[in-house]
Amino acid sequence: PKSLLAATDLLYEGNIVEADALCRRYLQENKHSLDGLMLLAEIAVSSKATSEAEFILETCTQLAPNNLEANYQLFKIFSKLGKFAKALSLGDILVQQDPNNIFYQVAKATALVGVGDIQKGIDIYLQIVEDNKAESNVYLLLGHAYKTQGNIEQSVIAYQQAYKLERHCGDAYWSLANTKTYQFKAEEIQHMLAGTTSEDVSLKDKVHLHFALGKAYEDEKQYKHSFSHYDLGNKLQSTTL
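Here is what the cut-offs are and how they apply
- Residues numbered from 1 in each chain as written.
- Predicted model: local features only at pLDDT ≥ 70, side-chain atom pairs only at ≥ 80, totals over all residues.
- Heavy atoms only, no water.
- Helix = DSSP H or I, 4+ residues; strand = E, 2+ residues; numbered from the N terminus.
- Buried < 20%, exposed > 50% of the residue type's maximum accessible area, 1.4 Å probe, protein only.
- Contact = heavy atoms within 4.5 Å.
- Lys, Arg positive; Asp, Glu negative; His and termini not counted.
- Charge placed at Lys NZ, Arg CZ, Asp CG, Glu CD.
- Salt bridge = Lys/Arg side-chain N within 4 Å of Asp/Glu carboxyl O.
- pLDDT = per-residue confidence, 0-100.
- Core = buried A, V, L, I, M, F, W, Y, C linked by side-chain atoms within 4.5 Å.
- Phe/Tyr/Trp six-rings, centres within 6.5 Å; stacked < 30°, edge-to-face > 60°.
- Axes fitted to C-alpha atoms, helices over the stretch in contact; angles between N-to-C directions.
- Parallel < 35°, antiparallel > 145°, perpendicular 65-115°, else oblique.
- Left-handed = near helix turned anticlockwise from the far one by under 90°.
- Nonpolar A, V, L, I, M, F, W, Y, C, P; charged D, E, K, R; others polar.

**Considering the overall build of the protein**
The number of helices and strands found in the protein is 14 helices and 0 strands. Helices (α) and strands (β) of the protein occur, in sequence order from the N terminus, as α-α-α-α-α-α-α-α-α-α-α-α-α-α. Each of the three principal axes of the protein carries a C-alpha extent, and together these read 65 × 40 × 25 Å. Of all 241 residues assigned to the protein, the portion counted as buried reaches 43%. Relative to all contacts within the protein whose residues are 6 or more apart in sequence, the contacts with residues 24 or more apart total 43%. The positive charge centre, built from 23 side chains, and the negative charge centre, built from 30, are 5 Å apart in the protein.

The following block contains the structure:
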């Protein structure tokens, strides 16, 4: 519907209040519109009204229990709220309905790790790797799972693979720093420095790269450089809030 398209445009232009008002007006006349409710949930997420988004998406799944997108969006909300048991139930449904979908496989694995069934989650990640379908985010999640399990050696290997697939993956470098024991090599430091000045690297990645550089220089007792990068990371992060 044209009004929902207009609301979507407003949302992506950053006019959240106007998008919300237009979407709600549409829903007053079309109370059970799945498209309208899904958009309203997306607007709620953008407004950081996570609990409201949860309620809306639960309504969507009641109206259309087999709608994969509604279930997947609700899964992400449950995960964000730390409701991993509920997330796992949805993960099972998603995989049953579309077993070859990588996003749904990753979703189930993430939920398994969340409920403490770490090895089963790792097994799913490893199967994705074995099928040559893993991108950097899968290796990041695999690294997090190994770290949660206490297997720092394997987590380091996974994080390194993540930045090999995505050279300036800030989260991979920052995750390496967060192992507390990892010592960055000179080559890795140069890669991180290059990423902080590249126009092709996202602001979020640059924040993580600066923080990782802060840890790298701190380990080398180059405290002036360390403080500089922590400071730059904090300043960049404040612009994203």
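**Some details on the pattern of salt bridges**
The tally for this structure, following the rule as stated, stands at 7 salt bridges. Residue E52 is joined to R24 by a salt bridge in which the shortest nitrogen-to-oxygen separation is 2.6 Å. Here R24 lies in helix α2 (residues 16-29) and E52 lies in helix α4 (residues 50-63), a separation of 28 residues in the sequence. According to the relative accessible area criterion, R24 is partly exposed, its value standing at 34%.

**Here's the deal with the environment of V17**
Tracing the chain through its elements places V17 in helix α2. For the pair V17 and S47, spaced 30 residues apart in sequence, the C-alpha separation works out to 8.8 Å.

**Side note on the confidence of the model for the protein**
In the predicted model, the protein carries a mean pLDDT of 96, and the fraction of residues at 70 or more is 99%. Confidence, read as mean pLDDT per element, is least for helix α14 (residues 223-240) in the protein (93) and greatest for helix α11 (residues 170-177) (98).

**Describing the nonpolar core**
Here is a general trend for soluble globular proteins: nonpolar side chains tend to be buried in one another's company. Of all hydrophobic cores here, the largest spans 35 residues; its most connected members are C23, L39, I43, L57, Y72 and F75. At the level of secondary structure, the elements contributing two or more residues to this core comprise α1 (2-12), α2, α3 (34-46), α4, α5 (68-80), α6 (84-97) and α7 (102-114). Membership of the second largest hydrophobic core comes to 34 residues, among which are Y146, Y159, Y163 and L213.

**Examining the environment of L193**
Secondary-structure assignment places L193 in helix α12 (residues 186-197). For the pair formed by L193 and H210, sequence separation is 17 residues and the distance between their alpha carbons is 8.1 Å. L193 has contacts with L213, Y217 and H229, leaving out every residue within four places of it along the chain.

**Notes on the packing of aromatic side chains**
One pass over the structure, following the stated rule, counts 7 aromatic pairs. Put simply, the rings of Y163, Y173, Y182 and F184 touch in pairs and so form one group of aromatic residues.

**Side note on the packing of helix α10 (residues 152-165) against α11**
The relative placement of two packed helices is expressed as an angle between their axes plus a distance between the axes. It is at 8 Å that the axes of α10 and α11 come closest, and there the two elements cross at 155 degrees. One finds that α10 runs roughly antiparallel with respect to α11. For the crossing formed where α10 meets α11, the hand is left-handed. Across from V156, Y159, Q160, A162 and Y163 in α10, the residues of α11 making contact are A172, Y173, S175 and L176. By residue class, the composition of the contact of α10 with α11 is 7 nonpolar, 2 polar and no charged.

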